[in-house]
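The lines below spell out each chain.
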Amino acid sequence: MDELAGLGVAALAGEYHSVVARAAAGRADALGLPFLCSSAVLDALTEQPTEWVARLSPPQSRGWQVYADFLLGAGHRRIAVAAQPSVYWASGTRILRDHLAARGGTVVELDMSALTPDDVCDELADNRATALLLLVGHPDPAVPIVRSVRGDQRLADILIGAPAGQPEFAEWATSLGDDGAGVPFLRYLPEDLSPLGARVEKALREQLGEAPSFVAYEGYDTVTVLAGVLRSHGADRARIAESWPRVVVVGTRGQIQFSRAPGISVWQWAGTPIQVVDRDPAEPGRFRILHAS
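Bear in mind that the values here come from a model prediction, so they are computed numbers and not experimental data. Starting from 1, residues in each chain are numbered consecutively following that chain's sequence as written. Selection of residues for local features in this predicted model requires a pLDDT of at least 70, selection of side-chain atom pairs for listing and counting requires 80 or more, and totals for whole chains, interfaces and linings are taken over all residues. Only heavy atoms go into the side-chain values, all of them from the structure, while hydrogens and water stay out.

Enquirer: Mind showing me how you'd approach the overall build of the protein chain here?
Expert: Helix and strand definitions follow DSSP, with helices as H or I runs of at least four residues and strands as E runs of at least two, each counted in order from the N terminus. Counting secondary structure elements, the protein chain contains ten helices and 14 strands. Along the first, second and third principal axes, the C-alpha set of the protein chain runs to 60 × 40 × 35 Å. The burial tally for the protein chain puts 50% of its 293 residues in the buried class. Any two residues whose heavy atoms approach within 4.5 Å are treated as being in contact. Sequence separation of 24 or more characterises 64% of the internal contacts of the protein chain that already satisfy a separation of 6 or more. Where accessible areas are quoted, they stem from the Shrake-Rupley method and a 1.4 Å probe; at the residue level, only the protein chains shown are allowed to cover. Accessible surface, the protein chain as shown: approximately 13100 Å² in total, 51% of it carbon and sulfur. A 1.4 Å probe rolled over the protein chains alone gives each residue an accessible area, and that area as a share of the maximum for its type sets the label: buried under 20%, exposed over 50%, partly exposed in between.

Structure (structure tokens):
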């Protein structure tokens, strides 16, 4: 962030994942560098309210509550989470536990810094959980956990879920085959793309040789928003930051505008569409929409 600011960039976009985005957003605020966050969802993206940072992806509290509602609607009340130490996974676990507890559900946490995939199977059988959520990295240990659970006859009826979206990856399907199907995850797409989205989908499909992931639309929308801001307000950093609440841009997934949301420290697109989807067990290359908000 310091190097880019020193090079005189007008604004910055993108991040590797939520924890990195939080570091980048905090530094952007300190430097006075406009930062448009594409896909990181941590609610506390900055420690204090900032005028310099805007975000397209929904806050984790909103998305993961939608996921919890999906679990409840599917009849799951006793949920196990296989989690690695991380502020992101800890935040997700807390959101799930609070939302489910208020509705009669429980969350059992399995510490993946201490358990093997086979240990996870034993814990699931002992705790009589009906769903296991993978709050872990991909491919390891996510893929070995799925293989172990799918291969354990005691757990034939358990639902495996991955709210953070690991099954979106082509590598997931390649590694797990049929075992990777039927694993619900969050993605941020509407039921129908905008006309722009349909054109982008066609162009990317031709270029990639496969359907683009929802992350591709996040990236395209980021570029679209920044291009519109730069055309309208120029390259002055302060003017770009001042323009966040006045942005009105048609993106691939609908009209994008930023506002202040309770408990969120950055300018937030409140209309981000949210879906719970999985890979169809009958056709793992196809995604099924299970729940939407």
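Enquirer: Explain the pattern of salt bridges to me, please; I cannot follow it from the model alone.
Expert: Definition used for salt bridges: Asp or Glu carboxyl oxygen within 4 Å of a side-chain nitrogen of Lys or Arg. Going through the model one piece at a time under the given rule, you end up with ten salt bridges. Close ionic contact of K202 with E206 constitutes a salt bridge, the shortest N to O distance being 2.8 Å. Of this pair, K202 and E206 both sit in helix 8 (residues 195-208), four residues apart, which is roughly one turn of the helix. Note that D278 and R288 form a salt bridge whose closest N and O atoms lie 2.7 Å from each other. Residue D278 is found in strand 13 (residues 275-280), and its partner R288 is found in strand 14 (residues 283-292); the two are separated by ten residues along the sequence. Look at D278 and you get buried, because its relative accessible area is 2%. You can call R288 partly exposed: its relative accessible area is 29%.

Enquirer: Where do I start with helix 5 (residues 117-127) in this structure?
Expert: The periodicity of an α-helix, 3.6 residues per turn, causes residues three or four positions apart to be oriented the same way. Inspection of helix 5 places V120, C121 and L124 among the buried residues, and these make up the whole buried set. All buried residues of helix 5 project into a common sector of 100 degrees when viewed along the axis, lining one side. Facing away from the buried surface of helix 5 by more than 90 degrees, the exposed residues are D118 and D126. Each element contacted by the buried residues of helix 5 is listed here: strand 4 (78-83), strand 5 (106-111), strand 6 (131-135) and helix 6 (142-150). Trailing helix 5 by a residue or two, R128 shows a phi angle of about 55 degrees, which is positive. Directions drawn from the helix axis to the C-beta atoms are what define this arc.

Enquirer: Got a minute to help me understand the pairing of strand 14 in this structure?
Expert: The side chains of a regular strand alternate between both faces of the sheet. We call two strands paired when DSSP finds no fewer than two bridges between them. One ladder, built from six bridges, connects strand 13 with strand 14; its direction is antiparallel. Bridging across to strand 14, D280 finds its partner in E283. Here strand 13 folds back onto strand 14 in antiparallel fashion, the turn holding two residues.

Enquirer: Mind showing me how you'd approach the environment of V9 here?
Expert: Checked against the element boundaries, V9 lands in the loop between helix 1 (2-6) and strand 1 (12-13). Overall, the relative accessible area of 22% leaves V9 in the partly exposed class. Along the chain, V9 and D236 lie 227 residues apart, while their C-alpha atoms are 9.5 Å from each other. Discounting residues that sit within four places of it in the chain, V9 has contacts with L4, L33 and R237.

Enquirer: Quick question: what am I supposed to make of the environment of G161 here?
Expert: Within the secondary structure, G161 sits in strand 7 (residues 159-161). Assessed through its relative accessible area of 0%, G161 is described here as buried. Put simply, G161 and P144 are 17 residues apart on the chain and 14 Å apart in space, counted from C-alpha to C-alpha.

Enquirer: What is the right way to read the side chain of H76 from this model?
Expert: For H76, the location among the structural elements is in the loop between helix 3 (60-73) and strand 4. For H76, the side chain forms a polar contact with the side chain of T130, separated by 2.8 Å. When neighbours within four sequence positions are excluded, H76 is seen to be in contact with L71, T130, A131 and L159. Polar contact criterion, stated in full: a pair of N or O atoms within 3.5 Å, where within protein one must be able to donate a hydrogen and the other to accept it, and residues adjacent in sequence count only if both atoms are side-chain atoms.

Enquirer: Looking at this structure, how should I read the sheet that holds strand 8 (residues 185-187)?
Expert: In a beta sheet, neighbouring strands are held together by backbone hydrogen bonds and run either parallel or antiparallel to one another. The three strands are arranged 8-13-14 in an open sheet whose pairing can be described as antiparallel. What marks the edges here is a single partner per strand, and that holds for strand 8 and strand 14. Strand-to-strand twist of the sheet, defined as the mean angle between neighbouring strand axes without regard to direction, takes the value 45 degrees. Only the contacting stretch of a helix is used when fitting its axis, a line to C-alpha atoms as for every element, and angles between N-to-C directions run 0 to 180 degrees.

Enquirer: Before we go on, may I ask you to explain the packing of aromatic side chains in this structure?
Expert: Aromatic rings considered in pairs are described by the distance between their centres and by the relative angle of their planes. Each aromatic pair joins two rings of Phe, Tyr and Trp (for Trp, the six-membered one) with centres within 6.5 Å, and gets the label stacked for planes under 30 degrees apart, edge-to-face for over 60, and tilted for any other angle. A full pass over the atoms with the stated rule returns six aromatic pairs. For the ring pair Y88 and W89, a centre distance of 4.9 Å and an interplane angle of 50 degrees mean the geometry is tilted. For Y88, a relative accessible area of 15% puts it in the buried group. With a centroid separation of 5.8 Å and 80 degrees between ring planes, the pair formed by F185 and F287 is classed as edge-to-face. Pair noted here: F185 is in strand 8 and F287 is in strand 14, with a separation of 102 residues, a long-range link.

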